[in-house]
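Structure at a glance
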Amino acid sequence: MTSDKNAISGVSLEKSSDKPKVEDIVTVSVKFSVTGALREAFTEKNWEKAYNNHDNTFKLRYGVKLHTSGLRKKEIGKPLDTYKKAALFWTRNPKLTQMGEKKVWIQISKNFEPFIPNSQSEAQQLFLDFDEKIQFNASELGVGKHKIGAEVYVSWFKHDYTEPFDETTHSKEIEIEVTK
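Below or above, wherever it landed, is the structure these notes cover. Per chain, the residues get numbers from 1 upward, laid out in the order the sequence is written. Local features in this predicted model are restricted to residues whose pLDDT is 70 or higher, and side-chain atom pairs enter the listing and the counts only when it is 80 or higher, whereas totals over whole chains, interfaces and linings include all residues. Excluding hydrogens and water, the side-chain figures rest on all heavy atoms present in the structure.

Another point: the overall build of the protein. Across its full length, the protein holds three helices and ten strands. Reading the secondary structure of the protein in the N-to-C direction produces β-β-α-α-β-β-β-β-α-β-β-β-β. A simple rule labels every residue: compare its accessible area, found with a 1.4 Å probe on the protein chains alone, to the largest value its type can have, and call it buried under 20%, exposed over 50%, or partly exposed in between. A total of 180 residues make up the protein; the buried ones form 42% of that total. By definition in these notes, contact holds between two residues if any of their heavy atoms fall within 4.5 Å. For the protein, the share of sequence-separated contacts (at least 6 apart) that also reach a separation of at least 24 residues comes to 68%. All accessibility values rest on the Shrake-Rupley procedure with a 1.4 Å probe; residue burial counts only the protein chains present in the view. For the protein, the accessible area works out to roughly 10300 Å², and carbon and sulfur atoms hold 49% of it. Under the convention used here, Asp and Glu are negative, Lys and Arg are positive, and both His and the chain ends fall outside the count. The atom standing in for a charge is NZ when the residue is Lys, CZ when it is Arg, CG when it is Asp and CD when it is Glu. Distance between charge centres in the protein, computed from 28 positive and 26 negative side chains, equals 2 Å. Secondary structure elements are defined from DSSP: runs of H or I of at least 4 residues count as helices, runs of E of at least 2 residues count as strands, and each element is numbered from the N terminus.

The following block contains the structure:
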């Protein structure tokens, strides 16, 4: 392993429109990634080892809150608090495992929707890269210019190939101008 630390990186916000009207619904996309030791250790070799040690599921909790800036930060929209789950399983499908004689593969679920990736890098992307959309009414902000930021947290418990992690970080603010 080249890195022994984990981090939340690349937190960015993208707004659906620059000047929404008061009656519009605004969508803000919050993008971020988990980098470091877990991303490097999230490999087929370690899945096999973890499976053999009966460490078959990995639950990664994360959340996003949007807020206005200033002295009195006001939460806007509905905060997101959810998780992704990785489950290791034994398979005979030769298209899935790249390591030949190894037969352990991974299924990643988000919001109870399972997905089986075709490669290790796709599994890392599905599990450790995030793009969450949060909607709110422009009327929550009111007419005028507003700066909006996001608070992002990610956590998980100790597993066979990684240490526990619990971190919160903030994004750079973006400006939205609400018009009549």
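Turning next to the packing of aromatic side chains. In summary, the pairing rule links any two rings of Phe, Tyr or Trp, Trp by its six-membered ring, whose centres are within 6.5 Å, and it sorts them by plane angle into stacked for under 30 degrees, edge-to-face for over 60 and tilted for everything else. The full count for this structure, using the stated rule, is twelve aromatic pairs. Taking 6.0 Å as the distance between ring centres and 50° as the angle between the ring planes, the aromatic pair formed by Phe58 and Trp156 counts as tilted. Here Trp156 lies in strand β8 (residues 144-156) and Phe58 lies in strand β3 (residues 57-68), a separation of 98 residues in the sequence. Of the two residues, Phe58 and Trp156, both sit in the buried class. Through a chain of ring-to-ring contacts, three or more aromatic side chains come together here, namely Phe42, Trp47, Phe58, Trp105, Phe127, Trp156, Tyr161 and Phe165.

This part covers the environment of Thr179. As for its position among the elements, Thr179 is in the segment after β10 (174-178). A sequence separation of 135 residues divides Thr179 from Glu44, and the C-alpha atoms of the two residues are 52 Å apart. Discounting chain neighbours no more than four positions away, the residues touching Thr179 are Lys19, Pro20, Lys21 and Val22.

Attention shifts here to the side chain of Thr68. Its location among the elements puts Thr68 in strand β3. Aside from chain neighbours lying at most four places away, what touches Thr68 is Lys73, Lys74, Ile76, Leu141 and Lys147.

All right, on to helix α3 (residues 120-128) then. When α3 is considered as a whole, its buried residues turn out to be Ala123, Gln124, Phe127 and Leu128. The buried side chains of α3 occupy one side of the element, clustering within an arc of 100° when seen end-on. It is the directions from the helix axis to the C-beta atoms that the arc portrays.

Counting buried positions along strand β2 (residues 25-36) yields nine of twelve residues, so the element is predominantly enclosed. Following DSSP output, two strands are said to pair if at least two bridges run between them. Sheet topology places strand β1 (residues 6-15) next to β2; eight bridges connect them, and they run antiparallel. Paired with Ser9 across the two strands is Ser33, which belongs to β2. Sheet analysis places β2 next to strand β7 (residues 129-137), joined by nine bridges and oriented antiparallel.

Our next topic: the sheet that holds β2. The three strands lie next to each other as β1-β2-β7, forming an open sheet whose pairing is antiparallel. Two strands in the sheet have a free side with no partner beyond their single neighbour: β1 and β7. When the angles between neighbouring strand axes are averaged without regard to direction, this sheet yields 20°. Helix axes are fitted to C-alpha atoms over the stretch in contact, other axes to C-alpha atoms as well, and angles between N-to-C directions run from 0 to 180 degrees. Sheet strands in contact with α3 are β2 and β7, and its direction is about 30° off that of β7.

Where helix α2 (residues 44-52) is concerned, the buried positions are Glu44, Asn46, Trp47, Glu48 and Ala50. Check the buried side of α2 and you find it contacts α1 (37-41), β4 (75-90), β5 (104-110) and α3. His54 lies just past α2 and shows a positive phi near 65°.

Below, the discussion takes up the pattern of salt bridges. Just to be clear on terms, a salt bridge is a Lys or Arg side-chain nitrogen sitting within 4 Å of an Asp or Glu carboxyl oxygen. By the definition in use, this model includes eight salt bridges. Of the charged contacts, one joins Lys133 and Asp131 as a salt bridge, the two residues approaching to 3.7 Å between their closest N and O atoms. Here Glu163 and Lys158 are joined by a salt bridge, their closest N and O atoms 3.3 Å apart. Of the residues examined, Glu163 reaches a relative accessible area of 48% and is grouped as partly exposed. You can call Lys158 exposed: its relative accessible area is 51%.

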